[in-house]
Amino acid sequence: MRINPSILAADFVNLQRDIEGIATADLVHVDVMDNHFVPNLTFGPQMVGRIQDVSPIPLDVHLMIDDPDRWAPGYAELGAYSVTFHAEAAKDAVALARRLREIGARAGIALKPGTAVEPYLELLPEFDQVLVMTVEPGFGGQSFLSSTMPKLGLLRTEVARTGLDVWLQVDGGVDADTIGIAAEAGADTFVAGSAVFRGPDPAANIAALRSAAASHSH
Ligand code: DX5
Ligand code: ZN
């Protein structure tokens, strides 16, 4: 089980300080938004490269951008541990995942709440991670959509059946209450922004999320 804090909820002008404060987490979740695929804008490869330089833990890059076929390999090349692109945006998801793996990153595919998982089940061997979005991508601080949980159930069953090492990630509205719902549904990798960076002690928030997830996981 992994807890990946989303730095979307960090202080962008004190990012190094905030990343050092989450060193007890598993990976830093880095939300790249292009103001086209989602109506919000964050940062691009230059910034992610610097985050990679200073982060004590590896990067889990979540690309909410158009044309990931063109841009995603650059994030793998700068050393991101995992690179996740959106199924809705990719022209050739399998070719892109193969390219990411070839460069040395874990390849992830993300599904918006309205995107069905069924077409991707038979493609699972091509991916190292499936991100089931539990809010509409674009902004932090939204409410967890439990309507997405059946997708995790289907994925968990398929991962168990095939024995593949595919991580099942949830992102959006994950806090100490909702994390148990996602863990029970089959998630093993949890992204949390506001729930980690709220209050004075992110490390305590990470510990609370970890124990809440552990008490509900299979
Ligand atoms: C939303 C981003 C999330 C966001 C989650 O589009 O992908 O990673 O930071 O924020 P919270 O945990 O506040 O919902
Ligand atoms: Zn994200």
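Refer to the structure presented above.
The rules behind these values
- Residues numbered from 1 in each chain as written.
- Chains lettered and ligands numbered in written order.
- Predicted model: local features only at pLDDT ≥ 70, side-chain atom pairs only at ≥ 80, totals over all residues.
- Heavy atoms only, no water.
- Near = heavy atom within 4 Å.
- Polar contact = N/O pair within 3.5 Å; in protein donor to acceptor, adjacent residues only side chain to side chain.
- Areas by Shrake-Rupley, 256 points an atom, 1.4 Å probe, with all protein chains shown as cover.
- 1 Å grid on protein atoms, 1.4 Å probe; cavity = no way out; pocket = protein on both sides within 12 Å on 5 of 7 lines; lining within 4 Å.
- Sits in = over half its atoms within 2 Å of the grid points.
- Helix = DSSP H or I, 4+ residues; strand = E, 2+ residues; numbered from the N terminus.
- Nonpolar A, V, L, I, M, F, W, Y, C, P; charged D, E, K, R; others polar.
- Axes fitted to C-alpha atoms, helices over the stretch in contact; angles between N-to-C directions.
- Parallel < 35°, antiparallel > 145°, perpendicular 65-115°, else oblique.
- Left-handed = near helix turned anticlockwise from the far one by under 90°.
- Contact = heavy atoms within 4.5 Å.
- Pairing = 2+ DSSP bridges.
- Core = buried A, V, L, I, M, F, W, Y, C linked by side-chain atoms within 4.5 Å.
- Buried < 20%, exposed > 50% of the residue type's maximum accessible area, 1.4 Å probe, protein only.
- Salt bridge = Lys/Arg side-chain N within 4 Å of Asp/Glu carboxyl O.

### Let's talk about the site of ligand 1
For step 1, the next point in the chain: S6, G138, D171, G193 and S194 are the nearest of the 20 residues found near ligand 1.
For step 2, the next point in the chain: One of the backbone N or O atoms of G138 is found 2.7 Å from an oxygen atom in ligand 1.
For step 3, the next point in the chain: Starting from 380 Å² of accessible surface for ligand 1 in isolation, the protein chains cover 98%.
For step 4, the next point in the chain: A molecule is said to occupy a pocket when more than half its atoms come within 2 Å of that pocket's grid points, and by this definition ligand 1 occupies the largest pocket.
For step 5, the next point in the chain: At the level of elements, β2 (28-33), β3 (59-64) and β8 (189-192) are the ones that each hand at least two residues to the shell around ligand 1.
For step 6, the next point in the chain: When its residues are assigned to classes, the shell around ligand 1 shows eight nonpolar, ten polar and two charged.

### Let's talk about the packing of helix α3 (residues 68-77) against helix α4 (residues 93-103)
For step 1, the next point in the chain: Where α3 meets α4, the axes come as close as 9 Å, and the angle between the chain directions of the two elements is 15 degrees. Judged by the angle between their axes, α3 and α4 are roughly parallel. Where α3 crosses over α4, the handedness of that crossing is right-handed. Residues P68, D69, A72, P73, A76 and E77 of α3 pack against L96, R99, L100 and I103 of α4.
For step 2, the next point in the chain: Looking at side-chain class alone, the contact of α3 with α4 contains seven nonpolar, no polar and three charged residues.

### Digging into the sheet that holds β2
For step 1, the next point in the chain: With parallel pairing, eight strands are arranged side by side in an open sheet as β1-β8-β7-β6-β5-β4-β3-β2. Whereas interior strands pair on both sides, the edge strands pair on one side only; in this sheet they are β1 (2-5) and β2. The sheet shows a mean angle of 25 degrees between the axes of neighbouring strands, direction not considered.
For step 2, the next point in the chain: Note that strand β4 (residues 82-86) and strand β5 (residues 106-111) share five bridges and pair parallel. Looking at the pairing, F85 lines up with I109 of β5.
For step 3, the next point in the chain: Sheet strands touched by α3: β2, β3 and β4. Its angle to β4, the strand with the most contacts, is close to 165 degrees.

### A look at the nonpolar core
For step 1, the next point in the chain: Within the largest apolar cluster, 64 residues are counted, with the highest numbers of intra-cluster contacts made by I7, V30, V32, V61, V83 and F190.
For step 2, the next point in the chain: When near neighbours in sequence (up to four residues on either side) are disregarded, V83 contacts V61, L63, A72, Y75, A76, L100, A105, R106, A107 and G108.
For step 3, the next point in the chain: By size, the runner-up hydrophobic cluster in this structure holds five residues, among which are M33, F37, V38 and M64.

### Focus on the pattern of salt bridges
For step 1, the next point in the chain: Counted under the stated rule, the structure contains 13 salt bridges.
For step 2, the next point in the chain: In this structure, the salt-bridge partner of R210 is D26, at a minimum N-O distance of 3.0 Å. Taken together, the residues span a long stretch of sequence, with R210 in helix α9 (residues 202-214) and D26 in the loop between α1 (15-20) and β2 at a distance of 184 residues.
For step 3, the next point in the chain: Classification of R210 as partly exposed rests on a relative accessible area of 24%.
For step 4, the next point in the chain: Residue R161 is joined to E158 by a salt bridge in which the shortest nitrogen-to-oxygen separation is 2.8 Å. Placement of the pair is R161 and E158 together in helix α6 (residues 149-162), with a separation of three residues, close to one helical turn.
For step 5, the next point in the chain: R161 gets classed as exposed once you look at its relative accessible area, which sits at 61%.
For step 6, the next point in the chain: Under the relative-accessibility criterion, E158 is labelled buried at 15%.

So, to be careful, I would describe these as geometric facts and stop short of saying anything about function.
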